[in-house]
Amino acid sequence: MVDTQLPVTVDECEDESCALPSSYDDAEAAHEALAAAGWTDGLPVRLPTAPAVRRMLEPNRLEPEDGLGRLPPVWGEATYGRVAANAVMAGCLPEYFPVVLAALRAMQDERFNMHGVQCTTHVVAPLLMVNGPVRARIGINSGHNCLGQGARANAAIGRAVRLAMVNIGGATPGSLDKATFGHPGKFAYCFGENEEESAFPPFHTTRGYRAEQSTVTVFPGEAPHNINNHSSDPMELLGAVASTMATLGNNNMYVSGEVMVVLGIDHAKLLDEAGFQRHNVQEFLHERARLPVGALRTGGMYGHDVGRNLWPKWVDRRDSAALVPIVRRPGDIHVAVAGGVGPHSLFIPGWGTRAVTAEIMTDGGAAA
Amino acid sequence: MRLEDAIRDFQLVPPIDPRVTEQRRMAERPTDLAGLRVGLLDNRKANANVLLTSIGGGLEERYGAGSTALFEKPVFSRPSPEHLLSELERFDAVVTALGD
């Protein structure tokens, strides 16, 4: 809790009457003060000094007092200066900043329901997937261990978004973020699609963008569930993916919404060689990732939303054997390709709301 | 080091919107419900309406509330729309509940 009057503008922070201390111990003590104020994610941060904030904004030709508007649930004002302070703390380089802004902008879209994602008891966190030339330019990892540690861009961008969600949106754990558990992706959850080694067209081209545009897609997701499959038969492979998807504990079986399947490059290659295109994969999974009404009645969430007709109209709810697909349409199963070599793919259950894709703009508005 | 000293000495740009740390207070409670109009807000999760209807009955019978009326949020995962909130402002008190 902060009971002091904070400076509001970056100008106010640059009071020339004080001299910047130079000792390492002073910097450590300042860091401890930020941690004690609850402004960090628990890990050490870089100090968001006014000069560092200026260095984040100036190459991007952004003014500190302009911004993205307000972030829920407390509707804090996301000025560029404030978002930049969070990006500095997270370890971002200035060239990462447009990705952070695009992700937050995408999350402000109604279809994502940022208010709900911030406050729910569910485990959900926004997964950021980056497409286009910006990945190579700023070093976003889309290959081996792309959802693990090790790449500064992945780590710092994901972390900056989370810090802004808490420090500006106000979703403080246990207070307005009511997550029963949360998951490790709430520290940082960002990767690139491996377009270079993908057998399918880049994901963002399925969302109305050109391959040469750079985008970030925000998806309200659980932690990834691995699918280890060494089969050379595409039906067996996709059957295993579908089996992993259709389970009683995920939200989607009851509220539909959207889910994400990230195929490893080897799995995608196998499917491509068998003649499967992305839409065939989506159709197969929509056909096979289903549970019977009778099983769903015993699943503990039955009755919540079934009355709102979130299942497809054609499911006969009176028939215990009638099969309910995990989402309403094949297109609600997002299929991307990422990672390195190995017989693995990922299933990422959703929360119930929709993914949103936004273009990454640099230079005060030009495309990245 | 105190936070204000860190901010001053290192020229730190606060990463927060001050409203994040503002103390949010609960609405003032009426001391007596006699004759008051009480709104009941159902978040639309399972059984919230059952719980609220039962509480509403109790408030009328045991505490003399003048009347109660039940409202529903359209979708439990989204905030109440403005028109619903302005409708609830006409009541002397509102009780909400999460079902499950």
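Rules and cut-offs
Residues numbered from 1 in each chain as written. Chains lettered and ligands numbered in written order. Predicted model: local features only at pLDDT ≥ 70, side-chain atom pairs only at ≥ 80, totals over all residues. Heavy atoms only, no water. Core = buried A, V, L, I, M, F, W, Y, C linked by side-chain atoms within 4.5 Å. Buried < 20%, exposed > 50% of the residue type's maximum accessible area, 1.4 Å probe, protein only. Helix = DSSP H or I, 4+ residues; strand = E, 2+ residues; numbered from the N terminus. Contact = heavy atoms within 4.5 Å. Buried area = accessible area lost by both parts, 1.4 Å probe. Salt bridge = Lys/Arg side-chain N within 4 Å of Asp/Glu carboxyl O. Polar contact = N/O pair within 3.5 Å; in protein donor to acceptor, adjacent residues only side chain to side chain. Nonpolar A, V, L, I, M, F, W, Y, C, P; charged D, E, K, R; others polar. Domains from an automatic or database assignment.

Peer 1: So, the nonpolar core: which residues are in play, and what are the values?
Peer 2: All names here are of chain A. In terms of nonpolar packing, the biggest core is built from 70 residues, with Trp39, Phe97, Val100 and Ile157 touching the most fellow members. With nine residues, the top contributor of residues to this core is helix α5 (residues 97-107). Core analysis: the second largest hydrophobic core is formed by 37 residues, Val281, Val324, Val327 and Ile333 among them.

Peer 1: Residues and numbers for the interface of chain A and chain B, please.
Peer 2: By a widely used convention, the size of an interface equals the accessible area lost when the partners come together. Between chain A and chain B, the residue contacts involve 54 residues of the former and 31 residues of the latter. Summing the contributions of chain A and of chain B, the shared interface buries around 3,600 Å²; its carbon and sulfur component is 65%. Where chain A packs against chain B, one counts two salt bridges. Where Arg82 of chain A meets Asp17 of chain B, a salt bridge forms, and the shortest distance between an N and an O atom there is 3.1 Å. Summed over the shared surface of chain A and chain B, the number is 10 residue pairs in polar contact (both at pLDDT 80 or more). Counting only elements with at least two residues in the side of chain A that touches chain B, the list comes to α1 (10-13), α2 (24-37), α3 (50-57), β2 (76-79), α4 (80-90), α6 (114-119) and α8 (152-167) of chain A. Looking at the side of chain A that touches chain B, the element that brings in the most residues is α2 of chain A, giving seven residues. Of the residues that constitute the side of chain A that touches chain B, the class distribution is 30 nonpolar, 14 polar and 10 charged.

Peer 1: Tell me what's going on with the domain arrangement of chain A, and back it up with residues and numbers.
Peer 2: Residue and element names in this part refer to chain A. Considered domain by domain, chain A is made up of domain 1 (24-192) and domain 2 (223-350). One C-alpha centre belongs to domain 1, the other to domain 2; they are set 30 Å apart. Contacts between the two partners involve 12 residues from domain 1, matched on the other side by 13 residues from domain 2. Summing both partners gives a buried area of about 860 Å² for domain 1 against domain 2, and 72% of it is carried by carbon and sulfur.

Peer 1: Before we move on, can you summarise the pattern of salt bridges with the specific residues and values?
Peer 2: Applying the stated rule across the entire model yields 24 salt bridges over all chains. Across the pair Glu110 of chain A and Arg78 of chain B runs a salt bridge whose closest N-O atoms are separated by 3.7 Å. Here the residue Glu110 of chain A occupies a position in the loop between α5 and α6, and Arg78 of chain B occupies one in the loop between β2 (67-72) and α3 (82-88), the pair thus bridging two chains. Glu110 of chain A gets classed as exposed once you look at its relative accessible area, which sits at 63%. Relative accessible area serves as the criterion here: at 25%, Arg78 of chain B is assigned to the partly exposed category. Through salt bridges that share partners, Arg2, Glu4, Asp5, Arg8 and Asp9 of chain B make up one connected network.

Peer 1: Any details on α5 of chain A? Residues and values, ideally.
Peer 2: For α5 of chain A, a buried count of 10 out of 11 residues is recorded, marking the element as mostly surrounded by other parts of the structure. For α5 of chain A, every residue scored as buried is listed here: Phe97, Pro98, Val99, Val100, Leu101, Ala102, Ala103, Leu104, Ala106 and Met107 of chain A.

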